[in-house]
Amino acid sequence: MEVCNYKHEEIDEVKLYKELGGVLPKINTLDDLINQLHAAFESNSVNIELIHYMMQSYKSNPLDWRKYAKFDRYRYTRNLVDIGNGKYNLMILCWGEGHGSAIHDHANSHCFMKMLDGSLEEIRFAWPEGDGEKLKEIRRTRLAPNDVCYINDSMGLHRMENPSHVDGAISLHLYCPPYSKCTVFNQNTGQTSTATVTFWSMYGKRKTKSVEEISAPEDN
């Protein structure tokens with residue numbers, strides 16, 4: 001699968017409208033979003049700006065995603081919603097009070113995140129230039145419900161965290177292509193390790209934990 005080069009979070013809707021022949025997808029529900037994603041990913045050449053537009057167009061409605069929103073008291077959870085015929089993963093992440101990910105890359109994948117409920121903070125870092133180098137923070141962004149952010153490896157690394165010690169947070173993530181492992185980083189030393197991407201639940205049903213899942217370092 002090929003994807004167009006896309007590095008910015010601004011969407012030129014007029015340009016996209018013309019590229020799509022004067023028709024933009026209408027997305028009112030999570031099912032609408034999934035159906036439109038399936039249509040977009042039928043092609044081997046995917047317009048990433050269109051995917052961003054779709055994620056942005058969906059307006060969070062708890063009636064759509066409540067059955068996927070499953071929390072764990074000790075760490076954030078990944079809950080699989082759709083596998084997109086193997087071309088992407090769509091998942092809902094649930095963050096308890098103060099939960100956060102490790103600093104991580106995205107394994108050469110495109111990563112979209114949309115806030116469904118609560119608030120998260122994205123802390124973005126530059127790639128380390130040498131061994132043993134402390135990671136340099138380059139940006140912090142607070143995300144509120146219906147905000148969308150995008151990152152790929154050319155844009156750096158990031159960490160996501162729920163800054164609230166009172167309220168949980170829920171976010172919708174799309175990774176294309178999907179990946180099973182990524183690299184996590186120690187902020188002070190730049191030291192790396194490999195993290196396995198696991199799901200707490202799949203299609204609304206709880207998965208049985210494996211030893212690998214229990215011992216895996218946190219990623220996103």
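Along each chain, residue indices are assigned from 1 in the same order as the chain's sequence is written. Given that the model is predicted, a residue must reach a pLDDT of at least 70 before its local features are reported, and side-chain atom pairs must reach 80 or more before they are shown or counted; all residues, however, enter totals for whole chains, interfaces and linings. Hydrogens and water are ignored here; the side-chain numbers use all heavy atoms of the structure.

Identification of the chain as Cysteine dioxygenase from Photinus pyralis is taken from an unreviewed UniProt entry. UniProt positions are given in the numbering used here, feature names are shortened, and annotations may be inferred rather than shown by experiment. For the chain, the Pathway (unreviewed entry) comment in UniProt is given as "Organosulfur biosynthesis; taurine biosynthesis; hypotaurine from L-cysteine: step 1/2."

Give a detailed account of the confidence of the model for the chain, specifying residues and quantitative values.
pLDDT expresses how confident the predictor is about each individual residue, on a scale running from 0 to 100. Of the residues in the chain, 89% reach a pLDDT of 70 or more, and the chain-wide mean stands at 89. Contacts are assigned to residue pairs that have any heavy atoms within 4.5 Å of one another. Within the model, pLDDT remains below 50 along residues 1–8, and this stretch shows 28 contacts once partners closer than five positions in the same chain are excluded. Low pLDDT, under 50, characterises residues 211–217; the predicted model gives this stretch 13 contacts beyond four residues in sequence or across chains.

Pulling in residues and values, what's your account of the pairing of strand 11 (residues 169–176)?
Three labels apply to residues, based on accessible area from a 1.4 Å probe with only protein chains included: buried if under 20% of the type maximum, exposed if over 50%, partly exposed otherwise in between. Strands are runs of DSSP state E lasting at least 2 residues, helices are runs of H or I lasting at least 4, and numbering of each runs from the N terminus. When you tally the buried positions in strand 11, you get eight out of eight residues, the bulk of the element. Residues Ala169, Ser171, His173 and Tyr175 point to one face of strand 11 and Ile170, Leu172, Leu174 and Cys176 to the other, with burial holding for every one of them. For two strands to count as paired, DSSP must find a minimum of two bridges between them. Pairing of strand 4 (residues 89–95) with strand 11, which is carried by seven bridges, proceeds in the antiparallel orientation. Counted as the bridge partner of Met91 is His173 from strand 11. Taken together, the seven bridges between strand 6 (residues 110–117) and strand 11 define a ladder with antiparallel strand orientation. Within the sheet, the bridge partner assigned to Met113 lies in strand 11 and is His173.

Before we move on, can you summarise the sheet that holds strand 4 with the specific residues and values?
Read across the open sheet, the seven strands follow the order 9-6-11-4-3-14-15; overall the sheet is mixed. Looking along the sheet, the strands with just one partner apiece sit at the ends: strand 9 (148–151) and strand 15 (205–206). Lying on the sheet, helix 3 (residues 48–57) is in contact with strand 4, strand 6, strand 9 and strand 11; it crosses strand 6 at an angle near 10 degrees. Geometry is summarised by axes, namely lines fitted to C-alpha atoms with helices restricted to the contacting stretch, and by angles between N-to-C directions that run from 0 to 180 degrees.

Summarise the pattern of salt bridges; cite the residues concerned and give the values.
Close approach of charged atoms lets side chains of opposite charge pair. Each salt bridge in this description consists of a side-chain nitrogen of Lys or Arg and a carboxyl oxygen of Asp or Glu lying within 4 Å of one another. If you walk through the whole model with that rule in mind, you get five salt bridges. Across the pair Arg140 and Glu137 runs a salt bridge whose closest N-O atoms are separated by 2.6 Å. Residue class for Arg140 comes out partly exposed when judged on its relative accessible area of 47%. One continuous salt-bridge network, built from bridges that share partners, spans Glu121, Glu137 and Arg140.

Describe helix 3, naming the residues involved and giving the relevant values.
Extensive coverage of helix 3 is indicated by the burial of nine of its 10 residues. Along helix 3, the residues classified as buried are Ile48, Glu49, Leu50, Ile51, His52, Tyr53, Met54, Met55 and Ser57. In this structure Asn47 caps helix 3, since a side-chain oxygen of it lies 3.0 Å from the backbone nitrogen of Glu49. A 3.5 Å cut-off defines polar contacts: any pair of N or O atoms within that distance qualifies, except that in protein one atom must be a possible hydrogen donor and the other a possible acceptor, and neighbouring residues in sequence count only when both atoms are side-chain atoms.

Talk me through the nonpolar core; I want residue IDs and the actual numbers.
Core analysis: the biggest nonpolar cluster contains 56 residues, and Leu33, Leu37, Ile51, Leu90, Ile92 and Leu174 have the highest contact counts within it. When contributions to this core are tallied by element, the ones reaching two or more residues are helix 2 (30–40), helix 3, strand 3 (77–82), strand 4, strand 6, strand 9, strand 11 and strand 12 (181–185). In contact with Leu174, other than residues within four places in its own chain, are Leu37, Ile51, Met55, Tyr88, Asn89, Leu90, His110, Cys111 and Phe112. Listed in part, the six residues of the second largest apolar core include Phe125, Leu135, Leu157 and Phe185. To form a nonpolar core, buried Ala, Val, Leu, Ile, Met, Phe, Trp, Tyr and Cys residues must be joined to one another through side-chain atoms within 4.5 Å.

Account for the state of the cysteines, with residues named and values stated.
In this description, the term disulfide denotes a pair of cysteine sulfurs within 2.5 Å. As enumerated under the stated definition, the model contains zero disulfides in all. Here Cys111 stays unpaired: no disulfide links it, and the sulfur of Cys149, its closest cysteine neighbor, is 6.6 Å away. The exposure class of Cys111 is buried, given its relative accessible area of 3%.

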